[in-house]
Amino acid sequence: MRPHLPAPDHGRMDPAPARYMIRINGHLGATMLSAFPAMAPQHHGAHTVLTGLLDRPALYGVLAAIEALGLDLLELRKLG
Amino acid sequence: MLSAVEDEQRRPQPGEGGAGTSRLIDRGDLVAALDRAAAGKVTVISASAGSGKTSLLRAWAGGPGQPGRLAVLRVQRDQQDAQQFWLALLGVVRQATGADSGAEPPAATPDFNAPAMAGRVLAELAEAPGGVTLVIDDLHELTSPDALAQLTGLLTSLPPRVHVILATRHDVRLGLHQLRLAGELAEIRAADLRFSERETRELLDASGITLSAAGVALLYQRTEGWAAGLRLAAMSLAGHPDPERFVAEFSGSDRTVAEYLLAEMLDRQPPEVQDLLLRTCLLDRVNSELADLLTGRPGSERILLSLEDANAFVESLDPERTWFRYHHLFADFLRLELRRTLPGQVPVLHRRAAEWFIRQGQVADAVRHTQAAGDWADAARLLAGQSFSLMLDGQAQTMQALVRAFPPGADHPELAVVRATVDLAQGRLDEAAAHLAVAEAHAGTAPPDRRRRLQVAVASLQLSLARRRGDLAGVIEQARFLDSPVTGPSGEDIALGSDLRAVALMNLGTAEAWTLGLSDAPDAERHLREGAGLARQIGRPYLEVGCLAQLGFASLVLHSFATTRRRCREAIALAERHGWGTEPVIAPALIMLAATLIWTGEFDKGERWLQRTRQALQTDTGPDITLLLHQTAGILHAGRGRHHEALEELSAAEYLGSQLEGSRALASRATRWLIATQARLGLTGEARAALAALDDQRAGSGEIRNARAVICLAEGDPAAALAAVAGVLDGTAPVQGDVTVMEAQLLAGLAHRELGDQRAASQAAERALALAESDRLILPFAMTGSAGLLEALPRHQTAHAALLADILDVLHGASPAARQEFSLPPAEELSPGELRVLRYLPTNLSRPEIAGQLSVSPNTVSAHIRSIYAKLQVGDRSSAVRRARELRLLAAAGRTR
């Protein structure tokens, strides 16, 4: 038997792309921002807020990039 | 191909790699925590990038009081290939335990047997005196679900004195809850790894940095004790003219800690160092030759060595310091910087790297970089052209990952042959057939220079598929053209052609061998021999082992048991030299060795080889060899008188035989033993029904005639049994070998004995012994229950006294059946009439003589005996006596008058 990783949405179809807001501690410079080409950045105080339309694979890709680059994830929210 | 530098395989040493690592500070509390954790079975260190997992492991490994043996594996980036992971793991374990001295390292195979591999790792761990600590770093890079599942299995069955430490960026899906419940799982998480202010101070001191207490506090606050941040800061601070100002600017900045410090560190490097880092960061590992190539100038070696010495997130992967890798966090930052500042260079660098990897024969890396350059058509051609070599290198899972990386939609017909190869290697036969159809169509339209090779590849894969399906009819004829060499214009083509040709010969010879036809046997031998020779010539031990294993299997059709056994042992010895002793590739030789041992009555030895065959066949490898496994297990049970177990195994073999189109010979062997076993269990109705279901041709074969005789004997009709075997004994019935005639002689002997003709019985037994003599075949005597027949044979009348003594030893010694059968349900109660007859069964009296003693008709005695056999669930007189003794029925029979 080949074990399968359960789908993150518990077997349902991937939901339609949605707008997500991601808040990261600190200001992201040009280099770090280039890791998130599909998201629009804004500085809110000492934080960077990224917003963009993402489907599930893209969302997990963004989270993986945040992890790989050692960024401090503060908040993740689905908008609307 | 697994290169030793792909995964780090050495024990980290403090102070190793220059001055840099000496800056590791003594994080005593943390090391002590790890020490405590190591008292349990498994420790998981789960914390994000740059939190100091690897540094902690180094500090701990270098600390006092460590267990002597430490095996360290760092998982390769994005490791999707379970086999490469396991081979690397086995490699570090063998290195740590010293098991690798002298032996060749285990090599990859096309049909990887993961459970057997996990078993080997466990065995190596268990055998190490004094215990082993196994460290697996960067476990999050392991993305093969198979490998994770197998790793869970390993972690939950660790031998005593073995401890495993897993380091990972995020929690990995491992089923470790049982270990957690048992208190055997310890965890160290990000918060534990965070530096304290005191440790921050110590780190700076160790790096020779002078900073005010306020500066230290500020730095600590800003980095929040993040290990990578502190290390990066220390690097920028070392030699900084005004450390206080650096810290003030850093903490005044709103940029993220990682970006600020990484950019700062990069900016401080001289231009040629920055250029080297940017141009080589696309590689998972780099050496000076590659770096010179990508930067377009010499001198890279000096830069790489000095970067490592400066502890600048660059480290060497081998003791000779030829290969280096960048810290993942640093490499990811550099890649972003490269794409941002030199976007046009990205495909150029990938192409140059791909060319270098092609020259090194490292196909998977070459394909990866060609894909990354966006040259999809080139990548497809490269991958398709090398698919046989990759498959032989055991990289099916890597190939699968490479195929998946192509963008969906824009398909390349070349990839069909790659997909078919992968599907076949992983047992998806229908998908393989579909992709083969596409590949075949594509081969027809390919330019002439590639057409021939594609056709050979397709035909070779079709043979392999047909064999896996057990459907060889017709395929062999179509594939005979594989016999002729594949030639090409260039030397490289000829080398590739040799891989292809050796595979083709193996597949062809194997297909011919498994049809088991006498007419095909010489062809099979010739093709397999030639394939083995070619494989040795081109340095493909896997193919050589494959051909020799099949040759051992095919041997019995033309050669003696002794020759077959010798060939099997030779093939197994070669397989073991490469660490493939329980891989599917050697299974045909394993099962044949088991079978020959069972035939010569060496039941215990045979059983051990049978067990090893079972291990080798844990991965699905097709119905034909699985059939042989069940059949061999069945005859072993039958030889030991365990008829119920024999029935189970033979029924499984029979079912598989019904699924096989092209291996009728193999199927009918199982059928006759199944029928005979049913009869011996008293299931004469079932046996008769199975007999009736056979067509005339099969029913007329010597093997099935023998089975019919066994039914007749079980039914108490020895005269009919004699009639059944008459055609076998006079040579009119077709037989598959002397064994069938030997069996017929024994059945005739048993029938004569039942009929009271001891002289004829002895003559038949003597003839059976004569046939058994050259190969010393003992199994037929055991299966037919001929102990009584042989014991009645006057010793001075046989020319085979030594063999006879051996056989009787086996028949009496190899009978754990006595204990075994106590677990059977109690026999149905015998009637008083049956008990009276039972009393005479241990004697030498024939049925008519028993009838005379009891003053009843011989028919009545026969009817009683039939009924006794059925109720005691036995098939012959000696088993009935043994069973009756076990059940203490003979004593009861003695009281019944």
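Up top is the structure.
All of these numbers come straight from a predicted model, not from anything done at the bench. (Residues numbered from 1 in each chain as written. Chains lettered and ligands numbered in written order. Predicted model: local features only at pLDDT ≥ 70, side-chain atom pairs only at ≥ 80, totals over all residues.)

Student: Let's hear about helix α11 (residues 243-252) of chain B: which residues, and what values?
Tutor: Residue and element names in this part refer to chain B. Buried within α11 are the following residues: Pro243, Val247 and Phe250. Looking straight down α11, one finds that the buried residues subtend no more than 65° of arc, so they occupy a single side. Facing away from the buried surface of α11 by more than 90 degrees, the exposed residues are Arg245, Glu249 and Gly252. For α11, the elements touching its buried residues are α9 (213-223), α10 (227-237) and α12 (257-267). (Buried ≥ 20, exposed ≤ 12 C-beta atoms within 10 Å, placed from the backbone. Helix = DSSP H or I, 4+ residues; strand = E, 2+ residues; numbered from the N terminus. Arc of directions from axis to C-beta. Contact = placed C-beta atoms within 7 Å.)

Student: Describe in detail the interface of chain B and chain A, supporting the description with residues and values.
Tutor: Buried accessible area, meaning the area lost when the parts come together, often serves as the stated size of an interface. Between chain B and chain A, the residue contacts involve 25 residues of the former and 21 residues of the latter. For the side of chain B that touches chain A, the elements supplying multiple residues, two or more each, are α5 (145-155), α12 and α16 (328-341) of chain B. Here the element with the most residues in the side of chain B that touches chain A is α16(B); it accounts for 8 residues. Of the residues that constitute the side of chain B that touches chain A, the class distribution is 10 nonpolar, 5 polar and 10 charged. (Nonpolar A, V, L, I, M, F, W, Y, C, P; charged D, E, K, R; others polar.)

Student: How would you summarise unusual backbone geometry if you had to cite specific residues and measurements?
Tutor: Residues other than glycine predominantly adopt negative phi, and peptide bonds predominantly adopt the trans conformation. Residues and elements named next belong to chain B. Although it is not a glycine, arginine 161 adopts a positive phi angle of roughly 65°. When you line up the elements, arginine 161 lands in the loop between α5 and β4 (162-168). Overall, arginine 161 belongs to the partly exposed group, with 15 C-beta atoms counted inside 10 Å. The backbone of arginine 321 shows a phi angle near 55°, a positive value even though the residue is not glycine. Relative to the helices and strands, arginine 321 is located in the loop between β7 (314-316) and β8 (323-326).

Student: How would you explain the packing of helix α38 (residues 718-729) of chain B against helix α39 (residues 738-754) of chain B if you had to name every residue and give the values?
Tutor: All names here are of chain B. Relative to each other, α38 and α39 sit at 155°, their axes nearing to 9 Å. Judged by the inter-axis angle, α38 sits roughly antiparallel to α39. The hand of the α38/α39 crossing is left-handed. In this structure, α38 uses Pro718, Ala721, Leu722, Val725, Val728 and Leu729 to contact α39, whose residues at the interface are Thr740, Val741, Ala744, Gln745, Leu747, Ala748, Ala751 and Glu754. (Axes fitted to C-alpha atoms, helices over the stretch in contact; angles between N-to-C directions. Parallel < 35°, antiparallel > 145°, perpendicular 65-115°, else oblique. Left-handed = near helix turned anticlockwise from the far one by under 90°.)

Student: A description of helix α1 (residues 28-37) of chain B should follow, citing residues and the corresponding values.
Tutor: Residues and elements named next belong to chain B. Three or more residues of α1 are buried, namely Leu30, Leu34 and Ala37. All buried residues of α1 lie within an arc of 60° about the axis, which places them on one face of the element. Exposed side of α1, more than 90 degrees from the buried face: Gly28, Asp29, Ala32 and Arg36 are the residues found there.

Student: Give me the nonpolar core: which residues, what numbers.
Tutor: Residues and elements named next belong to chain B. Among the nonpolar cores identified, the biggest contains 290 residues, and Val93, Val545, Ala571, Ile586, Ala589, Leu590 and Leu747 are the most heavily contacted of them. When residues of this core are assigned to their parent elements, the largest contribution, 11 residues, is made by helix α30 (residues 587-599). Residues within four places of alanine 589 in sequence aside, it is in contact with Ala549, Gly552, Phe553, Cys568, Ala571 and Ile572. (Core = buried A, V, L, I, M, F, W, Y, C linked by C-beta atoms within 7 Å.)

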